[in-house]
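# Notes for the structure review
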Amino acid sequence: MERFDPAGTIQKALPEGWAWDERETVLLGILERQAKHIEQLEVALAGADYLTKTAKGEPKVNPLVAELRLQYAAMSRTAEAIRLPDVDGESSSKSVRHQRAAMRRWGREA
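Heads up: these notes are all about the structure in this document. (Residues numbered from 1 in each chain as written. Predicted model: local features only at pLDDT ≥ 70, side-chain atom pairs only at ≥ 80, totals over all residues. Heavy atoms only, no water.)

## Re the overall build of the chain
The following threshold applies: Think of it this way: any DSSP run of H or I at least four residues long counts as a helix, any run of E at least two long counts as a strand, and we number them from the N terminus. Three labels apply to residues, based on accessible area from a 1.4 Å probe with only protein chains included: buried if under 20% of the type maximum, exposed if over 50%, partly exposed otherwise in between.
A tally of helices and strands in the chain yields four helices and two strands. Counting helices and strands in the order they occur from the N terminus, the chain gives α-α-β-β-α-α. Classification of the 110 residues of the chain by burial places 25% in the buried group.

## Brief notes about helix α3 (residues 63-80)
Our working rule: Here the expected length of a helix is defined as 1.5 Å per residue gap, with one fewer gap than residues. Any two residues whose heavy atoms approach within 4.5 Å at even a single point are treated as in contact. By the criterion applied in these results, polar contacts are pairs of N or O atoms within 3.5 Å in which, for protein atoms, one can donate a hydrogen and the other can accept it, and in which residues neighboring in sequence qualify only through two side-chain atoms.
The end-to-end C-alpha distance of α3 is 26 Å, a good match for the 26 Å that 18 residues give at a rise of 1.5 Å each. All buried positions along α3 are accounted for by V65, L68, Q71, A74, M75 and T78. Structurally, α3 contributes buried residues whose contacts are with α2 (22-46) and β2 (59-61). Here α3 starts with a cap whose side-chain oxygen sits 2.9 Å from the backbone nitrogen of L64, and that cap is N62.

## Examining α2
The terminal C-alpha atoms of α2, which comprises 25 residues, lie 36 Å apart, in line with the 36 Å expected from a rise of 1.5 Å per residue. Within the span of α2, buried status applies to E24, L27, L28, G29, L31, Q34, A35, I38, E39, L41 and L45. You can read the cap of α2 off the contacts: a side-chain oxygen lies 3.2 Å from the backbone nitrogen of R23, and it is on D21.

Read these as layout, nothing more, since geometry by itself doesn't imply function.
Put into structure tokens, the structure is as follows:
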């Protein structure tokens, strides 16, 4: 499995002269650790059965599936907290989540 490098991948896509601030650098480090955890969980799940059995012998989804789902959600929230430049190279002051919430409040689905 290919190693995920969020800082390197995103840095290549940034406009010239754009640099991460200290907060964003910390968030990118967190993203990298989350990616490593997800990789480990995916490897573990690939070597395990998707369905397991309860103590009573009833089928249930492997707990690794739920953990992966939680890790993906956490990674998504972390990524949303990183301010990326707009098309014109300026930083957006609002997170995507806050923008969507404001749009919903005003009756404009985003």
